[in-house]
Amino acid sequence: MTEDQISPELQTHLYIRMVRIRKFEEKIAELCQESDRMPGMQILANGQEAVAAGVVSALKPEDVIVSNHRSHGHLLARGADTNALMAEIMARATGVNGGKAGTLHLSVPEVNALMTSTVVGAGSPIAAGVAFAQQYRRDSGVTVVMFGDGAAAEGSVHEAMNLAGVWKLPLLFVCENNCWAGAQRHEAHCATRHIFKRAGGYDMPGQSVDGNDVEAVYRLTVELLAHCRSGKGPAFMEAETYRMRGHGEHDRQHYVDPAELAMWAAKCPLCRYRQRLLDEGILDEARILAIERNAGQQVAAAVAFADASPYPGAETFLTDVFVNPPAV
Ligand SMILES: Cc1ncc(C[n+]2csc(CCOP(=O)(O)OP(=O)(O)O)c2C)c(N)n1
Ligand SMILES: [Mg+2]
(Lines give C-alpha, C1' and ligand atoms only; values in the text may rest on other atoms or scores of the structure.)
(Ligands and ions follow the chains in the order given, each with its own letter.)
Protein backbone atom coordinates (compact mmCIF):
# COMPACT_ATOMS: atom_id res chain seq x y z
CA MET A 1 0.00 0.00 0.00
CA THR A 2 1.35 3.46 -0.84
CA GLU A 3 0.91 6.31 1.58
CA ASP A 4 -1.91 7.93 -0.35
CA GLN A 5 -3.96 4.74 -0.66
CA ILE A 6 -6.71 4.89 1.89
CA SER A 7 -7.28 1.50 3.49
CA PRO A 8 -10.47 0.57 5.37
CA GLU A 9 -8.45 0.82 8.60
CA LEU A 10 -7.44 4.36 7.75
CA GLN A 11 -11.01 5.24 6.79
CA THR A 12 -12.23 3.98 10.16
CA HIS A 13 -9.41 5.85 11.89
CA LEU A 14 -10.35 9.11 10.12
CA TYR A 15 -13.98 8.70 11.14
CA ILE A 16 -13.12 7.91 14.76
CA ARG A 17 -10.88 10.98 14.89
CA MET A 18 -13.61 13.25 13.58
CA VAL A 19 -16.24 11.86 15.95
CA ARG A 20 -13.92 12.29 18.93
CA ILE A 21 -13.21 15.91 18.00
CA ARG A 22 -16.92 16.67 17.50
CA LYS A 23 -17.95 15.08 20.81
CA PHE A 24 -15.11 16.79 22.68
CA GLU A 25 -16.13 20.21 21.44
CA GLU A 26 -19.87 19.59 21.82
CA LYS A 27 -19.19 18.85 25.49
CA ILE A 28 -17.24 22.11 25.84
CA ALA A 29 -20.14 23.99 24.23
CA GLU A 30 -22.54 22.33 26.66
CA LEU A 31 -20.40 23.19 29.68
CA CYS A 32 -20.15 26.80 28.50
CA GLN A 33 -23.87 27.05 29.21
CA GLU A 34 -23.26 26.30 32.89
CA SER A 35 -21.87 29.17 34.92
CA ASP A 36 -18.25 28.89 36.12
CA ARG A 37 -17.61 25.57 34.35
CA MET A 38 -15.42 26.74 31.48
CA PRO A 39 -12.81 29.43 32.08
CA GLY A 40 -11.89 31.96 29.40
CA MET A 41 -13.02 32.20 25.82
CA GLN A 42 -13.86 28.87 24.18
CA ILE A 43 -13.18 28.80 20.45
CA LEU A 44 -14.52 25.70 18.73
CA ALA A 45 -14.09 24.26 15.25
CA ASN A 46 -17.44 22.55 14.74
CA GLY A 47 -17.71 21.87 10.98
CA GLN A 48 -13.94 21.85 10.45
CA GLU A 49 -13.16 18.37 11.80
CA ALA A 50 -12.22 16.95 8.39
CA VAL A 51 -9.34 19.42 8.06
CA ALA A 52 -7.90 18.48 11.44
CA ALA A 53 -8.32 14.73 10.91
CA GLY A 54 -7.25 14.75 7.25
CA VAL A 55 -4.13 16.88 7.64
CA VAL A 56 -2.87 15.52 10.93
CA SER A 57 -3.46 11.85 10.07
CA ALA A 58 -1.09 12.26 7.13
CA LEU A 59 1.79 13.38 9.35
CA LYS A 60 4.66 11.25 10.58
CA PRO A 61 5.62 11.22 14.26
CA GLU A 62 8.68 13.40 13.60
CA ASP A 63 6.62 16.12 11.91
CA VAL A 64 5.82 19.20 13.96
CA ILE A 65 2.53 21.04 14.09
CA VAL A 66 2.05 24.71 14.95
CA SER A 67 -1.57 25.65 15.52
CA ASN A 68 -3.77 28.65 16.23
CA HIS A 69 -6.62 29.66 18.51
CA ARG A 70 -8.98 27.05 16.97
CA SER A 71 -6.72 24.17 17.95
CA HIS A 72 -8.58 21.43 19.84
CA GLY A 73 -9.18 19.28 16.76
CA HIS A 74 -5.56 19.57 15.60
CA LEU A 75 -4.27 18.46 18.99
CA LEU A 76 -6.73 15.61 19.43
CA ALA A 77 -5.98 14.35 15.93
CA ARG A 78 -2.29 14.49 16.78
CA GLY A 79 -2.91 12.16 19.70
CA ALA A 80 -2.99 14.54 22.66
CA ASP A 81 -4.32 12.78 25.75
CA THR A 82 -8.05 13.51 25.98
CA ASN A 83 -8.06 13.74 29.79
CA ALA A 84 -5.05 16.05 30.00
CA LEU A 85 -6.35 18.24 27.18
CA MET A 86 -9.76 18.68 28.80
CA ALA A 87 -8.09 19.30 32.17
CA GLU A 88 -5.96 22.05 30.61
CA ILE A 89 -8.98 23.65 28.97
CA MET A 90 -10.65 23.56 32.41
CA ALA A 91 -7.48 25.11 33.93
CA ARG A 92 -6.54 22.14 36.14
CA ALA A 93 -3.08 21.19 37.38
CA THR A 94 -3.31 17.83 35.58
CA GLY A 95 -3.68 19.58 32.24
CA VAL A 96 -1.15 19.30 29.41
CA ASN A 97 0.39 22.59 30.54
CA GLY A 98 -0.27 22.34 34.25
CA GLY A 99 -3.47 24.37 33.95
CA LYS A 100 -1.69 27.62 33.14
CA ALA A 101 -2.11 27.75 29.37
CA GLY A 102 -5.85 27.20 29.11
CA THR A 103 -7.54 26.68 25.78
CA LEU A 104 -5.79 29.50 23.93
CA HIS A 105 -2.12 28.72 24.57
CA LEU A 106 -2.05 24.95 24.42
CA SER A 107 1.07 23.02 23.60
CA VAL A 108 1.62 19.27 23.64
CA PRO A 109 5.33 18.81 22.90
CA GLU A 110 5.24 15.03 23.51
CA VAL A 111 3.23 14.66 20.29
CA ASN A 112 5.21 17.36 18.49
CA ALA A 113 2.36 19.85 18.76
CA LEU A 114 4.81 22.55 19.61
CA MET A 115 2.55 25.47 20.30
CA THR A 116 -0.66 27.27 19.51
CA SER A 117 -0.72 31.04 19.10
CA THR A 118 -3.73 33.22 19.66
CA VAL A 119 -1.95 36.10 17.97
CA VAL A 120 -3.48 35.85 14.51
CA GLY A 121 -0.76 35.08 11.95
CA ALA A 122 1.97 34.63 14.55
CA GLY A 123 2.27 30.88 14.05
CA SER A 124 3.69 31.10 10.53
CA PRO A 125 7.01 32.86 11.28
CA ILE A 126 7.49 30.58 14.30
CA ALA A 127 6.80 27.57 12.08
CA ALA A 128 9.36 28.88 9.59
CA GLY A 129 11.88 28.89 12.45
CA VAL A 130 11.00 25.31 13.37
CA ALA A 131 11.29 24.22 9.73
CA PHE A 132 14.64 25.99 9.51
CA ALA A 133 15.84 23.98 12.53
CA GLN A 134 14.64 20.75 10.89
CA GLN A 135 16.51 21.63 7.70
CA TYR A 136 19.64 22.73 9.58
CA ARG A 137 19.74 19.51 11.60
CA ARG A 138 18.91 17.45 8.50
CA ASP A 139 15.88 15.98 10.29
CA SER A 140 13.41 14.10 8.13
CA GLY A 141 10.48 16.00 9.66
CA VAL A 142 8.25 18.62 8.08
CA THR A 143 6.52 21.45 9.95
CA VAL A 144 2.84 22.12 9.35
CA VAL A 145 1.30 25.42 10.33
CA MET A 146 -2.49 25.75 10.62
CA PHE A 147 -4.05 29.19 10.28
CA GLY A 148 -7.27 30.86 9.15
CA ASP A 149 -8.35 32.94 6.17
CA GLY A 150 -8.13 36.04 8.38
CA ALA A 151 -4.55 35.22 9.29
CA ALA A 152 -3.71 34.86 5.59
CA ALA A 153 -4.05 38.65 5.32
CA GLU A 154 -1.42 39.27 8.01
CA GLY A 155 2.02 40.46 6.92
CA SER A 156 3.65 37.88 9.16
CA VAL A 157 2.18 35.03 7.08
CA HIS A 158 3.46 36.57 3.83
CA GLU A 159 6.92 37.15 5.33
CA ALA A 160 7.01 33.53 6.49
CA MET A 161 5.92 32.32 3.04
CA ASN A 162 8.62 34.40 1.40
CA LEU A 163 11.37 33.24 3.72
CA ALA A 164 10.23 29.62 3.45
CA GLY A 165 10.47 30.00 -0.34
CA VAL A 166 13.91 31.62 -0.22
CA TRP A 167 15.33 28.95 2.11
CA LYS A 168 13.32 26.07 0.64
CA LEU A 169 12.08 25.13 4.09
CA PRO A 170 10.18 21.88 4.74
CA LEU A 171 7.05 23.79 5.71
CA LEU A 172 3.44 23.12 4.78
CA PHE A 173 1.11 26.09 5.14
CA VAL A 174 -2.48 24.96 5.79
CA CYS A 175 -5.05 27.74 5.54
CA GLU A 176 -8.45 26.73 6.94
CA ASN A 177 -10.72 29.04 5.00
CA ASN A 178 -13.87 28.86 7.13
CA CYS A 179 -15.44 31.91 5.41
CA TRP A 180 -15.20 34.08 8.54
CA ALA A 181 -12.66 36.00 10.58
CA GLY A 182 -14.51 36.97 13.73
CA ALA A 183 -17.67 38.68 12.47
CA GLN A 184 -16.10 39.62 9.12
CA ARG A 185 -17.00 37.70 6.01
CA HIS A 186 -14.17 36.44 3.86
CA GLU A 187 -14.72 39.07 1.13
CA ALA A 188 -14.60 41.91 3.69
CA HIS A 189 -11.01 41.17 4.65
CA CYS A 190 -9.54 39.22 1.75
CA ALA A 191 -8.85 40.59 -1.73
CA THR A 192 -9.10 37.20 -3.39
CA ARG A 193 -11.61 34.39 -3.29
CA HIS A 194 -8.73 31.91 -3.72
CA ILE A 195 -6.07 32.30 -1.06
CA PHE A 196 -4.07 29.33 -2.37
CA LYS A 197 -3.19 31.29 -5.51
CA ARG A 198 -0.90 33.47 -3.41
CA ALA A 199 1.45 30.49 -3.14
CA GLY A 200 2.47 31.13 -6.75
CA GLY A 201 3.89 34.51 -5.71
CA TYR A 202 6.37 32.68 -3.54
CA ASP A 203 7.09 29.96 -6.08
CA MET A 204 5.60 27.18 -4.02
CA PRO A 205 2.87 24.74 -5.07
CA GLY A 206 -0.52 25.75 -3.79
CA GLN A 207 -3.85 23.94 -4.08
CA SER A 208 -7.31 24.19 -2.66
CA VAL A 209 -9.36 21.26 -1.42
CA ASP A 210 -12.87 20.58 -0.19
CA GLY A 211 -12.14 20.91 3.52
CA ASN A 212 -15.31 18.98 4.39
CA ASP A 213 -14.06 15.88 2.57
CA VAL A 214 -11.64 14.17 4.91
CA GLU A 215 -10.19 11.81 2.33
CA ALA A 216 -9.56 14.63 -0.14
CA VAL A 217 -7.78 16.58 2.60
CA TYR A 218 -5.72 13.53 3.56
CA ARG A 219 -4.69 12.84 -0.06
CA LEU A 220 -3.65 16.41 -0.77
CA THR A 221 -1.71 16.57 2.49
CA VAL A 222 0.22 13.42 1.57
CA GLU A 223 1.03 14.91 -1.84
CA LEU A 224 2.17 18.28 -0.50
CA LEU A 225 4.13 16.73 2.38
CA ALA A 226 6.04 14.61 -0.14
CA HIS A 227 7.03 17.82 -1.91
CA CYS A 228 8.17 19.45 1.36
CA ARG A 229 10.04 16.31 2.45
CA SER A 230 11.90 15.99 -0.83
CA GLY A 231 13.85 19.20 -0.24
CA LYS A 232 11.95 21.20 -2.86
CA GLY A 233 10.72 23.68 -0.27
CA PRO A 234 7.36 24.75 1.15
CA ALA A 235 3.82 24.13 -0.10
CA PHE A 236 0.42 25.66 0.54
CA MET A 237 -3.02 24.14 1.03
CA GLU A 238 -6.28 26.03 1.28
CA ALA A 239 -9.00 23.89 2.85
CA GLU A 240 -12.43 25.32 2.06
CA THR A 241 -14.72 24.77 4.99
CA TYR A 242 -17.14 26.60 7.27
CA ARG A 243 -17.25 27.72 10.90
CA MET A 244 -20.59 26.32 12.08
CA ARG A 245 -20.61 28.10 15.45
CA GLY A 246 -19.81 31.66 16.43
CA HIS A 247 -16.24 32.89 16.61
CA GLY A 248 -16.29 31.84 20.26
CA GLU A 249 -19.01 30.48 22.49
CA HIS A 250 -19.97 34.03 23.53
CA ASP A 251 -20.94 34.78 19.92
CA ARG A 252 -24.55 34.06 18.87
CA GLN A 253 -23.80 34.54 15.12
CA HIS A 254 -26.48 37.22 14.64
CA TYR A 255 -24.58 38.33 11.52
CA VAL A 256 -24.80 34.94 9.78
CA ASP A 257 -27.43 34.27 7.14
CA PRO A 258 -29.39 31.19 8.35
CA ALA A 259 -29.71 29.96 4.76
CA GLU A 260 -25.91 29.93 4.41
CA LEU A 261 -25.59 28.07 7.67
CA ALA A 262 -28.17 25.52 6.53
CA MET A 263 -26.34 25.05 3.23
CA TRP A 264 -23.10 24.24 5.06
CA ALA A 265 -24.91 22.07 7.62
CA ALA A 266 -25.94 19.90 4.68
CA LYS A 267 -22.23 19.51 3.89
CA CYS A 268 -21.34 18.42 7.44
CA PRO A 269 -18.04 16.52 7.15
CA LEU A 270 -19.08 13.86 9.64
CA CYS A 271 -22.50 13.18 8.13
CA ARG A 272 -21.00 12.96 4.66
CA TYR A 273 -18.26 10.58 5.72
CA ARG A 274 -20.57 8.43 7.80
CA GLN A 275 -22.84 7.98 4.78
CA ARG A 276 -19.90 7.22 2.53
CA LEU A 277 -18.54 4.56 4.87
CA LEU A 278 -21.99 3.01 5.13
CA ASP A 279 -22.41 3.04 1.35
CA GLU A 280 -18.97 1.49 0.83
CA GLY A 281 -19.69 -1.15 3.45
CA ILE A 282 -16.66 -0.10 5.52
CA LEU A 283 -18.78 0.42 8.63
CA ASP A 284 -22.29 -0.67 9.57
CA GLU A 285 -24.82 1.12 11.78
CA ALA A 286 -23.86 -0.91 14.85
CA ARG A 287 -20.16 -0.05 14.50
CA ILE A 288 -20.98 3.61 13.97
CA LEU A 289 -23.12 3.64 17.11
CA ALA A 290 -20.30 1.97 19.03
CA ILE A 291 -17.78 4.55 17.79
CA GLU A 292 -20.07 7.39 18.84
CA ARG A 293 -20.80 5.83 22.22
CA ASN A 294 -17.12 5.22 22.83
CA ALA A 295 -16.21 8.82 21.97
CA GLY A 296 -18.96 10.11 24.25
CA GLN A 297 -17.67 7.95 27.10
CA GLN A 298 -14.10 9.14 26.54
CA VAL A 299 -15.18 12.76 26.68
CA ALA A 300 -17.33 12.20 29.79
CA ALA A 301 -14.36 10.50 31.45
CA ALA A 302 -12.14 13.47 30.50
CA VAL A 303 -14.55 15.92 32.14
CA ALA A 304 -14.75 13.73 35.26
CA PHE A 305 -10.94 13.60 35.33
CA ALA A 306 -10.73 17.39 35.07
CA ASP A 307 -13.44 17.91 37.69
CA ALA A 308 -11.55 15.69 40.12
CA SER A 309 -8.27 17.58 39.54
CA PRO A 310 -7.10 20.57 41.58
CA TYR A 311 -6.38 24.02 40.19
CA PRO A 312 -2.65 24.81 40.01
CA GLY A 313 -1.26 25.91 43.37
CA ALA A 314 0.22 29.36 43.97
CA GLU A 315 3.65 27.73 44.31
CA THR A 316 3.56 26.88 40.57
CA PHE A 317 2.83 30.40 39.33
CA LEU A 318 6.40 31.04 38.18
CA THR A 319 7.32 27.52 37.07
CA ASP A 320 7.38 26.83 33.31
CA VAL A 321 6.96 30.54 32.69
CA PHE A 322 10.55 31.82 32.67
CA VAL A 323 13.67 30.07 31.38
CA ASN A 324 15.49 31.39 34.44
CA PRO A 325 12.78 31.84 37.08
CA PRO A 326 13.29 34.85 39.34
CA ALA A 327 13.91 34.06 43.01
CA VAL A 328 10.77 34.37 45.07
C1 LIG B 1 -2.84 40.01 15.61
C2 LIG B 1 -4.26 39.77 16.06
N3 LIG B 1 -5.24 40.53 15.56
C4 LIG B 1 -6.54 40.33 15.96
C5 LIG B 1 -6.83 39.36 16.89
C6 LIG B 1 -8.29 39.10 17.30
N7 LIG B 1 -8.76 37.89 16.62
C8 LIG B 1 -8.72 36.68 17.21
S9 LIG B 1 -9.24 35.46 16.22
C10 LIG B 1 -9.58 36.54 14.98
C11 LIG B 1 -10.13 36.06 13.67
C12 LIG B 1 -9.17 35.20 12.95
O13 LIG B 1 -9.76 34.70 11.78
P14 LIG B 1 -9.12 33.52 11.00
O15 LIG B 1 -7.66 33.70 10.88
O16 LIG B 1 -9.89 33.36 9.75
O17 LIG B 1 -9.32 32.26 11.96
P18 LIG B 1 -10.71 31.64 12.46
O19 LIG B 1 -11.04 32.34 13.74
O20 LIG B 1 -11.73 31.86 11.42
O21 LIG B 1 -10.42 30.21 12.69
C22 LIG B 1 -9.26 37.84 15.35
C23 LIG B 1 -9.41 39.01 14.48
C24 LIG B 1 -5.76 38.59 17.40
N25 LIG B 1 -5.98 37.61 18.28
N26 LIG B 1 -4.50 38.80 16.96
MG1 LIG C 1 -11.52 32.16 9.35
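Residues numbered from 1 in each chain as written. Chains lettered and ligands numbered in written order. Predicted model: local features only at pLDDT ≥ 70, side-chain atom pairs only at ≥ 80, totals over all residues. Heavy atoms only, no water.

Chemist: What exactly am I supposed to notice about the coordination of the magnesium ion (ligand 2) here?
Modeler: Six octahedral donors at a metal ideally form angles of 90 or 180 degrees, and four tetrahedral donors ideally form angles of 109.5 degrees. For the magnesium ion (ligand 2), the full set of protein donor atoms is Asp-149 (OD), Asn-178 (OD1) and Trp-180 (O), and the range of their distances to it is 2.0 to 2.2 Å. Each donor residue of the magnesium ion (ligand 2) lies on one chain, and together they are spaced D-x28-N-x1-W. Placement of Asp-149 in the loop between strand E3 (143-148) and helix H6 (155-167) and of Trp-180 in strand E5 (residues 180-181) is noted, with a sequence separation of 31 residues between them. Comparing Asp-149 with Trp-180 shows no difference in burial state: the two are buried. (Donors = N, O, S within 2.8 Å, 3.2 Å for Na, K, Ca; no water. Helix = DSSP H or I, 4+ residues; strand = E, 2+ residues; numbered from the N terminus. Buried < 20%, exposed > 50% of the residue type's maximum accessible area, 1.4 Å probe, protein only.)

Chemist: I keep staring at the packing of aromatic side chains and nothing clicks. Help me out?
Modeler: Under the counting rule described, the total for this entry stands at seven aromatic pairs. With a centroid separation of 5.9 Å and 20° between ring planes, the pair formed by Phe-132 and Tyr-136 is classed as stacked. Placement of both Phe-132 and Tyr-136 in helix H5 (residues 123-136) is noted, with a separation of four residues, approximately one turn of the helix. For the ring pair Phe-132 and Trp-167, a centre distance of 5.2 Å and an interplane angle of 50° mean the geometry is tilted. Taken as a pair, Phe-132 in helix H5 and Trp-167 in helix H6 lie far apart in primary sequence, 35 residues in all. When its relative accessible area of 33% is taken as the criterion, Phe-132 is described as partly exposed. Put simply, the rings of Phe-132, Tyr-136 and Trp-167 pair up and form one aromatic cluster. Taking the ring centre of Tyr-311 as reference, the NZ or CZ of Arg-92 above it sits at 4.2 Å. When the ring centre of Trp-264 is taken as reference, the NZ or CZ atom of Lys-267 above it lies at 4.0 Å. (Phe/Tyr/Trp six-rings, centres within 6.5 Å; stacked < 30°, edge-to-face > 60°. Lys NZ or Arg CZ within 6 Å of the ring centre and 35° of its normal.)

Chemist: How should I be thinking about the packing of helix H1 (residues 8-32) against helix H8 (residues 214-229) in this particular structure?
Modeler: How two helices sit against one another is set out by the angle between their axes and by the gap between those axes. Their axes nearest at 11 Å, the elements H1 and H8 cross at an angle of 110°. Judged on the interaxial angle alone, H8 and H1 are roughly perpendicular. Note on packing geometry: the crossing formed by H1 with H8 is right-handed. Along the contact surface, H1 presents Leu-10, Gln-11, Leu-14 and Met-18, while H8 presents Val-214, Glu-215 and Tyr-218. (Axes fitted to C-alpha atoms, helices over the stretch in contact; angles between N-to-C directions. Parallel < 35°, antiparallel > 145°, perpendicular 65-115°, else oblique. Left-handed = near helix turned anticlockwise from the far one by under 90°. Contact = heavy atoms within 4.5 Å.)

Chemist: Where do I start with a nonpolar patch on the surface in this structure?
Modeler: Taken together, the side chains of Phe-132, Tyr-136, Leu-163, Val-166 and Trp-167 make up a nonpolar region of the molecular surface, amounting to roughly 540 Å² of accessible area. At the level of elements, H5 and H6 are the ones that each hand at least two residues to the nonpolar patch. (Patch = residues over 30% accessible without salt bridge, like charges linked within 9 Å, V, L, I, M, F, W, Y side chains within 5 Å. Areas by Shrake-Rupley, 256 points an atom, 1.4 Å probe, with all protein chains shown as cover. Salt bridge = Lys/Arg side-chain N within 4 Å of Asp/Glu carboxyl O.)

Chemist: Sorry if this is basic, but what is going on with the site of ligand 1 here?
Modeler: Of all residues adjacent to ligand 1, which total 14 residues, the nearest are His-69, Arg-70, Asp-149, Gly-150 and Asn-178. Contacts to ligand 1 include Gly-150, whose backbone N or O atom sits 2.7 Å from an oxygen atom. Note that an oxygen atom of ligand 1 is positioned 2.8 Å from one of the side-chain N or O atoms of Asn-178. Look at ligand 1: alone it shows 580 Å² of surface, and the protein chains cover 70% of it. The residue inventory of the shell around ligand 1, partitioned by class, reads five nonpolar, seven polar and two charged. (Near = heavy atom within 4 Å. Polar contact = N/O pair within 3.5 Å; in protein donor to acceptor, adjacent residues only side chain to side chain. Nonpolar A, V, L, I, M, F, W, Y, C, P; charged D, E, K, R; others polar.)

By themselves, these are just geometric observations and shouldn't be taken as functional.
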